[in-house]
Every structure is written in C-alpha cells, then in structure tokens.
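Chain residues, written in single-letter form:
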Amino acid sequence: MGILDKLERKLYKKRVPMAVTIEVTKRCNLDCIHCYVDHEDLDVELSIKDFKGVIDQLYDLGVIIIVLSGGELFYKKGIWELMEYIRFKKMGLKIITAATLLNKSDADRLKDLGILEVGISIYSHKAEVHDFITRKEGSFKKTLEMATYLREIGVLVVSKTLIMNLNYKDIIDVYNMSVERGIIPQFDMSISDAQNDARDPKQFSLTSEQIVELYQNKEVREILYNTKSFEDTYCKPKYEYQDEDERCNIGRTAMWINAKGEVFPCIQFQYPVGDLKIDSLKDIWYNNPKIDKVLEMAKYKNYKACHNCEAVKYCSPCIALTVRENRTDCNTTNHKEAFAIKKVFEELDAKKENLDLSSLSDYLTK
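The structure presented is a predicted model; accordingly, all values stated were derived computationally and were not measured.

## Describing the overall build of the protein chain
(1) Moving on: Scanning the protein chain for helices and strands turns up 14 helices and nine strands.
(2) Moving on: For the protein chain, restricting intrachain contacts to residue pairs at least 6 apart in sequence, the fraction spanning at least 24 positions comes to 71%.
(3) Moving on: Carbon and sulfur atoms provide 48% of the accessible area of the protein chain, an area that totals close to 17,200 Å².

Okay, here's the thing in structure tokens:
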C-alpha cells in the first residue's frame, strides 16, 4: 500500500476528504450546451478574501488538495491571489478550466506555482464538434494549443471528456490525440440536471443502445476501463455489503463548495447541507443533522434499489444523481450503464472470451 493510500484511509476514518472542489465563480466565457451551472445566479459570490477564509477552514479540517473550478475560474478577479494562497498553505492545487482565457505567460505562472494538475475540457478531436458543444467558435483551437503548451513545459494535463450522444463516436480519436501530446485522457458519461429550467442537459445523454455499442467495442472498452478519474474513487463499489456499509461515499470522501459558500456532500448533490456565511465548516461537516441524514441515506440497508438489482455488481451508484432525479430507485445514468455493461459481459462470457469479472472489478475500483 502506497503513502497516498495510507493517508486516504486515515482521512476516510475521520471523514475528511483528501480533495475538495470549490466553484469560485459561475461566470464563464463559454456557453456549453450540456452545462448544468445556473449562470444567471451571480449576486452573492464570495470574494477572494472570503475564499481565503474557506481555505483556512479546509486546512484546519485536514484537507490535502484543493480543486478550483467554475464556471470559468479565470473569470474570477483575484484568482491568482487565491491560488498563491493555497500554495502558501502548502496544500496541493488542481484546477479545471477550458483554458481559452490563458496565455503562455499564465501557463508558465501555473508551472511556477507547482500546480498538481490542470484539467481541461476537450469534447472531440474535431474542432466543429467541440465548438458546437461550447457554442464558441475557435474554442477548440485555443483549448488544444494551451493544453499542448502546458505539457511542453512539464505541467500535468488531464483532458476531461464528457461523453454525449454528440461525441460518443470520437472516444478513440480523443484518446489518441491526448496521448500523443502527453495529456492524460479521462472520460465520463454522467450528465447532470441543470440548476435552472433554462437548459436541458439530459437530452444529450447516451441511450442504452449507445452505451452497449461503446462497451462492445474492445478498444473503447479498454479505454474506458483505464481512464477513471480521481473523483471516481469517491464511489468505489464492492460486491458484498453489510447493512451499515456505505453504498456511496457521499459526505465522506467528497465535498463541494459553490461560489456562494454553500457546502454540499458531493459535487452532484443539489441540496446544500450548510452555508459558510453562517456556520463554520467543522459544524457543517460534523455537527449537522442534514449531513447525518445524507450519510444514513447512503448506507446499503437504506439504498434499497440495489438489493434485488440484477446489475448490482456492475454498478457504481451515485446517490446524488438519484436524489437529483427525485427517484426512489436507481438514477437513469447508472441504471443504463450498469445494464449495458452486464449485457456486454454476458455476451463475452457466452463467447468464452478472455475477460472475466476481475477486469470489471479493476475498472470499477481503479
């Protein structure tokens, strides 16, 4: 077991997330068709001074890594001051950006900060597809150029690709394009509901048939198996559960803080469990009936959708997505993916192909 694994287990016992994501602003220079963020809700964003206070509280809690995101974080006035403060506190720093507002001097500055990772949204290897998704002509060129330059100067770059019905046939090409540039590719097919009624991101979700199509392709399947993100470890599944086991690590290894200073037990959960403008982080996280309710809900005995499900061993369920959809059974994203994987693995087993459940276990728990 490595040092990070030991540290993560130690933090897990104390219910301290190793990494916390902070949305520093909802503002963005792009207008992605699948975006769930309410870009009209701009009135009460925390100041950089406020966010420094949040960082202090996260440091005192024992959090190791801060992930800054948006909107577009480089739209936030004073963002460099905040990033420098995080590094001053000796905390690890990651960012998620479209990189279209960055220039080479900014990239050099990120390297000098000792940033751990720059996550950059890349939706296709085709400019016309990427720009259609971002609704910003020329965004692909700017994004790819900056991602490439960051790698050239030695910064770790991760291409974050949300798989939609618009780009699901591009996975192999995006993977190869990223690898050729030394960029680490990551893929995800979980599309969130919008925070207001102005958008309908779910219309771009894959159908069950499209998911099956992906997993039936051996090359795509291997890519998806080997490109799991750090955040995916929030939801490590097991095959056998006791009643008190967590089916999902919401509120335990995951925390999200939005631009208003509201605290959520994970980035997908739509109901805040506290407000940092009112209460301390420690009180919100440890002395709070709202988060106690979430933790109880995540226990296997209470997540009854799994108990008699035929695809339970193929699934890494998201409690938050289920709540977002106002469902009492499984959410549509996990349900479709689990049954698609089940179908493909049963087909492979029937053909006696050399691919057993240990491969799936490695994939799901990577």
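## With respect to the packing of helix 4 (residues 104-113) against helix 6 (residues 139-152)
(1) Moving on: Closest axis-to-axis distance for the helix 4/helix 6 pair is 10 Å, and the angle between their directions is 40°. Classified by the angle their axes make, helix 4 and helix 6 are oblique. Here helix 4 runs over helix 6; the crossing is right-handed. Facing helix 4, whose interface residues are Lys104, Ala107, Asp108 and Leu110, helix 6 presents Met146, Tyr149 and Leu150.
(2) Moving on: Of the residues belonging to the contact of helix 4 with helix 6, the class tally is five nonpolar, no polar and two charged.

## Some words on the packing of aromatic side chains
(1) Moving on: Scanning all chains against the criterion turns up five aromatic pairs.
(2) Moving on: Seen in terms of ring centroids, Trp256 and Phe264 are 4.9 Å apart; in terms of plane orientation they differ by 45°. Their pairing is tilted.
(3) Moving on: Assessed through its relative accessible area of 4%, Trp256 is described here as buried.
(4) Moving on: On the basis of relative accessibility, which here comes to 5%, the residue Phe264 falls in the buried class.
(5) Moving on: One residue, Lys89, lies across the ring of Tyr59, its end atom 4.4 Å from the ring centre.
(6) Moving on: Over the face of the ring belonging to Tyr12 we find Arg252, whose NZ or CZ atom lies 5.4 Å from the ring centre.

## Concerning the packing of helix 8 (residues 208-216) against helix 9 (residues 218-225)
(1) Moving on: The interhelical angle for the contact between helix 8 and helix 9, taken along N-to-C directions, is 95°, at an axis separation of 5 Å. Classified by the interaxial angle, the pair formed by helix 8 and helix 9 is roughly perpendicular. On helix 9, the residues touching Leu214, Tyr215 and Gln216 of helix 8 are Lys218, Val220, Arg221, Leu224 and Tyr225.
(2) Moving on: Split by residue class, the contact of helix 8 with helix 9 holds five nonpolar, one polar and two charged.

## Examining the sheet that holds strand 2 (residues 65-69)
(1) Moving on: Taken in spatial order, the nine strands line up as 6-5-4-3-2-1-7-8-9 in an open sheet, and their pairing is mixed. A single partner strand is all that each edge strand has here, and the edge strands are strand 6 (184-188) and strand 9 (274-275).
(2) Moving on: As judged from the two bridges shared by strand 7 (residues 256-257) and strand 8 (residues 262-264), these two strands associate in the antiparallel manner. Paired with Trp256 across the strands is Phe264, a residue of strand 8.
(3) Moving on: The strands touched by helix 2 (residues 48-61) are strand 1 (19-23), strand 2 and strand 7; relative to strand 1, the strand with the most contacts, the crossing angle is about 165°.
(4) Moving on: Sitting on the sheet, helix 7 (residues 171-180) touches strand 5 (157-162) and strand 6, and the angle it makes with strand 6 is about 155°.

## Quick look at the pattern of salt bridges
(1) Moving on: Tallied over the full model, the rule gives 16 salt bridges.
(2) Moving on: Salt-bridge contacts for Glu45 lead to Lys76; the nearest nitrogen and oxygen are separated by 3.7 Å. Taken together, the residues span a long stretch of sequence, with Glu45 in the loop between strand 1 and helix 2 and Lys76 in the loop between strand 2 and helix 3 (79-88) at a distance of 31 residues. Assigned by exposure class, Glu45 and Lys76 land together as buried.
(3) Moving on: The shortest N-O distance in the salt bridge between Glu296 and Lys299 comes to 3.1 Å.
(4) Moving on: Looking at Glu296, the relative accessible area reads 32%, which means it is partly exposed.
(5) Moving on: Beyond isolated ion pairs, a larger network of salt bridges with shared partners links Glu244, Glu296, Lys299 and Lys301.

## Concerning the nonpolar core
(1) Moving on: In this structure, Ile22, Leu58, Leu68, Met83, Ile95 and Leu110 are the most contacted members of the largest nonpolar core, which totals 75 residues.
(2) Moving on: Judged by nonpolar contacts, the second largest core, of 24 residues, contains Phe187, Met189, Tyr215 and Tyr314.

## Quick notes on the environment of Lys111
(1) Moving on: Looking at the secondary structure, you find Lys111 in helix 4.
(2) Moving on: Sequence-wise, Lys111 and Ile153 are 42 residues apart; in three dimensions their C-alpha atoms are separated by 7.6 Å.
(3) Moving on: Discounting chain neighbours no more than four positions away, the residues touching Lys111 are Ile153 and Val155.

What counts and what doesn't
Residues numbered from 1 in each chain as written. Predicted model: local features only at pLDDT ≥ 70, side-chain atom pairs only at ≥ 80, totals over all residues. Heavy atoms only, no water. Helix = DSSP H or I, 4+ residues; strand = E, 2+ residues; numbered from the N terminus. Contact = heavy atoms within 4.5 Å. Areas by Shrake-Rupley, 256 points an atom, 1.4 Å probe, with all protein chains shown as cover. Axes fitted to C-alpha atoms, helices over the stretch in contact; angles between N-to-C directions. Parallel < 35°, antiparallel > 145°, perpendicular 65-115°, else oblique. Left-handed = near helix turned anticlockwise from the far one by under 90°. Nonpolar A, V, L, I, M, F, W, Y, C, P; charged D, E, K, R; others polar. Phe/Tyr/Trp six-rings, centres within 6.5 Å; stacked < 30°, edge-to-face > 60°. Buried < 20%, exposed > 50% of the residue type's maximum accessible area, 1.4 Å probe, protein only. Lys NZ or Arg CZ within 6 Å of the ring centre and 35° of its normal. Pairing = 2+ DSSP bridges. Salt bridge = Lys/Arg side-chain N within 4 Å of Asp/Glu carboxyl O. Core = buried A, V, L, I, M, F, W, Y, C linked by side-chain atoms within 4.5 Å.

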